[in-house]
Amino acid sequence: MSTATDVTVPLLDLKAQYATIRDEVEPVVREVLESQIFIGGPKVAALESRCADYLRMPHAVGCSNGSDAIILALDALGIGPGDEVIVPTFTFFSTAGSVSRVGATPVFADIDPATYQIDPVSIRAVLDSRPKGAVKAIIPVHLFGQACDLDAVMAIARDHDLKVIEDAAQAIGTEDVHGRRVGSVGDVGTYSFFPSKNLGGFGDGGLCATNHEEIAERMLRFRNHGMKPKYFHHDVGLNSRLDALQAAVLLVKIEHLDAWSAGRQANARHYDEAFASAGATTSAVSLHEGGLPLRTPQPAPEGARHIYNQYVIRVPAEHRDTLRKALADASIGSEIYYPKCLHQQDCYRDLGYEAGAFPHAERAAGEVVAIPIYPDLTEAQKAHVVNTVLETVRGFA
Ligand SMILES: Cc1ncc(COP(=O)(O)O)c(C=O)c1O
């Protein structure tokens, strides 16, 4: 019988996943090697077509990574120097970094403390503070695999004539309250195939998808040096193509994606129930109001689909290091997504934001901890995580 001390739980166990698909993956990798077609070609075209189908959009354009996907979308929408783009301050760096890479300026907004998603009230406040017409687009992020409030974001975009690029890097297959696949509601959806994503390649990869043919054509051109036809350049594009080996692997993996996301959802329910029965809540304020100092994520609202790229719990900031150390001592992986808001990053110091500018995001950055949620977790591993978290947070009270 295993004891708690035998059980190790990495934050993500890609070897466990690979063991379940090795027999499917190896032949397709060999096929690509035999073909010696590594850039573009039939595997990339097949993946784009499969992704378009999965995402319920007519056009999908593979590219080198999820950061470039945002750059390609911005380029295709004509956003560049002198333009401002609203992004949440609590997200992976690329959401803002890609805006800067096209010469535009990120303008930050706070998050809804209940969901971690960009807060529409904050977006409106930001718009009111900017010169009329300066802001050209919003990039809402579907953080951790949960949909942001797309109805509110799209209403603001309509009112202010803004483009919307949905950063769905962490959210392939996520649906909002109306059952819409995220990425398909704004002008462009962008995705990442970084290995830790629910659909991860064996290296970097990314995708942009859209309902609009003209935008798709521009993204296709931009990903290949702005070239069409060969050696004739309309624009200065990128070299940001998806390679055939990644496409071949992803074509195998996409057929497992729904089952894997369902596994993550089941694990999330298991954690939700175990933590709730010990007194944890999903309330955005309860951490500091007595009771068990542990907050669990809000489950998807009725009609929506959360794919749990991450399961993020929260503890009071002064205790977070203690929790992470206890997890590490118990051989349990954890991570902080994200320890520093983007408006406070050194590279954005010139933008002039002050500490306290976005209180909900700043507080989240001090309190969040992601714990293992991958679908291959065993019952023993989940029990070990739950017991370790609960034992530790009970010690904080
Ligand atoms: C929210 C978000 N946006 C963009 C990206 C960028 O994706 P990539 O790492 O493939 O460039 C990521 C990846 O971590 C992400 O989480």
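Reading guide: rules and limits
The residue numbering used here restarts from 1 in each chain and proceeds along that chain's sequence as written. Totals for whole chains, interfaces and linings use all residues, but because this is a predicted model, local features are given only for residues with pLDDT of at least 70 and pairs of side-chain atoms are given and counted only at 80 or more. The way it works is that DSSP assigns letters per residue, a run of H or I at least four long becomes a helix, a run of E at least two long becomes a strand, and they are numbered from the N terminus. Here the radius of gyration uses the C-alpha set of atoms, whereas the globule reference equals 2.2 Å times the residue count to the power 0.38. Field definition: a residue is buried when 20 or more other C-beta atoms are found within 10 Å of its C-beta, exposed when 12 or fewer are, and partly exposed for counts in between, with C-beta atoms placed from the backbone. Contact between two residues is assigned when their C-beta atoms, built from the backbone, lie within 7 Å. Being near a molecule or strand means, for a residue, that its C-beta atom, positioned from the backbone, comes within 6 Å of it. Each residue is assigned to one class: nonpolar for Ala, Val, Leu, Ile, Met, Phe, Trp, Tyr, Cys and Pro, charged for Asp, Glu, Lys and Arg, and polar for all the others, Gly among them. Here, axes are lines fitted to C-alpha atoms. For helices the fit covers the stretch in contact, and angles between N-to-C directions go from 0 to 180 degrees. Working definition: roughly parallel below 35 degrees, roughly antiparallel above 145 degrees, roughly perpendicular at 65 to 115 degrees, and oblique for all remaining angles. Note on convention: the crossing is left-handed when the near helix lies turned anticlockwise from the far helix by less than a right angle, right-handed when the turn is clockwise. What marks off one domain from the next here is an automatic or database domain assignment. Any two strands with at least two DSSP bridges between them are considered paired. Orient the strands so they point away from the viewer; a crossover is then right-handed if the path from the first strand over the helix to the second runs clockwise. Residues of type Ala, Val, Leu, Ile, Met, Phe, Trp, Tyr and Cys that are buried and joined through C-beta atoms within 7 Å form what is called a nonpolar core.

1. Section: the overall build of the chain
Stage number 1. Per the secondary structure count, the chain includes twelve helices and nine strands.
Stage number 2. Here the chain has a C-alpha radius of gyration of 21 Å; the compact-globule value for 397 residues is 21 Å, and the two agree.
Stage number 3. The principal-axis extent of the C-alpha atoms belonging to the chain is close to 65 × 55 × 40 Å.
Stage number 4. Split into buried and exposed, the 397 residues of the chain put 48% on the buried side.
Stage number 5. Here the contacts in the chain between residues at least 6 apart in sequence split such that 70% fall between residues at least 24 apart.

2. Let's talk about helix α7 (residues 213-222)
Stage number 1. Buried residues dominate α7, accounting for seven of its ten residues.
Stage number 2. Contact partners of the buried residues in α7: β1 (59-63), α3 (66-76), β6 (188-192) and β7 (206-210).

3. A short note on the site of the ligand
Stage number 1. Among the 15 residues in the neighbourhood of the ligand, the closest are listed as Asn65, Gly66, Ser67, Ala169 and Ser192.
Stage number 2. Residue assignment for the shell around the ligand shows that the elements contributing at least two residues are α3 and α4 (94-101).
Stage number 3. For the shell around the ligand, the residue count by class is four nonpolar, nine polar and two charged.

4. Quick notes on the packing of helix α1 (residues 14-35) against helix α8 (residues 244-254)
Stage number 1. α8 packs onto α1 with a crossing angle of 150° between their chain directions and a minimal axis gap of 9 Å. In terms of orientation, α1 lies roughly antiparallel with respect to α8. As for how α1 packs across α8, the hand of that crossing is right-handed. For the pair formed by α1 and α8, the contact residues are Ile21, Glu24, Val25, Val28, Val29, Glu31 and Val32 on the first element and Ala244, Leu245, Ala248, Val249, Leu251, Val252 and Lys253 on the second.
Stage number 2. The residue makeup of the contact of α1 with α8, split by class, is eleven nonpolar, no polar and three charged.

5. Re the domain arrangement of the chain
Stage number 1. For the chain, the domain assignment lists domain 1 (4-11 + 257-394) and domain 2 (16-254).
Stage number 2. Summarising the inter-unit geometry, the C-alpha centres of domain 1 and domain 2 are found 25 Å apart.
Stage number 3. Secondary-structure elements contributing two or more residues to the side of domain 1 that touches domain 2 are α9 (257-277) and α11 (359-367).

6. Remarks on the pairing of strand β4 (residues 135-138)
Stage number 1. Across three bridges, the pairing between strand β2 (residues 84-88) and β4 is parallel. When the sheet's bridge partners are listed, Val85 is paired in β4 with Ala137.
Stage number 2. When β4 meets strand β5 (residues 163-167), the two strands line up parallel, connected through two bridges. Bridge pairing in β5 places Ala137 opposite Lys163.
Stage number 3. Handedness of the crossover joining β4 and β5 through helix α6 (residues 150-160) is recorded here as right-handed.

7. Let's talk about the packing of helix α5 (residues 120-129) against α6
Geometry of a packed helix pair, given as the angle between the helix axes and the separation of the axes.
Stage number 1. Following both chains from N to C, one finds α5 and α6 inclined at 20°, their axes separated by 9 Å at the closest point. The orientation of α5 relative to α6 falls into the category roughly parallel. Considering the relative orientation of α5 and α6, their crossing is right-handed. Only Ala152, Val153, Ile156 and His160 of α6 make contact with α5, whose side of the interface consists of Pro120, Ile123, Arg124 and Leu127.

8. Quick look at the pairing of strand β3 (residues 105-109)
Stage number 1. Counting buried residues in β3 gives four out of five residues, a clear majority hidden from the surface.
Stage number 2. Taken together, the five bridges between β2 and β3 define a ladder with parallel strand orientation. Pairing of Ile86 across the sheet is with Val107, part of β3.
Stage number 3. Each parallel crossover has a hand, and for β2 linked through α4 to β3 it is right-handed.

9. Some remarks on the nonpolar core
Stage number 1. With 103 residues, the main nonpolar core has Ala73, Cys208 and Met219 as its most contacted residues.
Stage number 2. Ranked by residue count, the leading element in this core is α3, at seven residues.
Stage number 3. Three or more residues apiece are contributed to this core by two domains, here domain 1 (4-11 + 257-394) and domain 2 (16-254).
Stage number 4. In this view, Met219 contacts Val61, Leu72, Ala73, Ala76 and Cys208; residues no more than four positions away in its chain are not counted.

10. Points about the environment of Glu26
Stage number 1. Turning to its location among the elements, Glu26 is positioned in helix α1.
Stage number 2. Judged by C-beta crowding, with 11 C-beta atoms within 10 Å, Glu26 ranks as exposed.

11. Concerning the sheet that holds β3
Stage number 1. Read across the sheet, seven strands follow the order β1-β7-β6-β5-β4-β2-β3 without closing on themselves; strand pairing throughout is mixed. This sheet does not close on itself; its edge strands, each paired only once, are β1 and β3. Across the sheet, the mean angle separating the axes of adjacent strands is 25° when strand polarity is ignored.
Stage number 2. Sitting on the sheet, α3 is in contact with β1, β5, β6 and β7, with an inclination near 160° to β6.
Stage number 3. Taken strand by strand, α7 contacts β1, β6 and β7, and its axis lies near 15° from that of β1.

12. Focus: α4
Stage number 1. Turning to α4, its buried residues are Ser94, Thr95, Ala96, Ser98 and Val99.
Stage number 2. Packing partners of the buried residues in α4 comprise α3, β2, β3 and β5.
Stage number 3. Remark: Gly103 follows α4 within two positions and exhibits a positive phi of approximately 90°.

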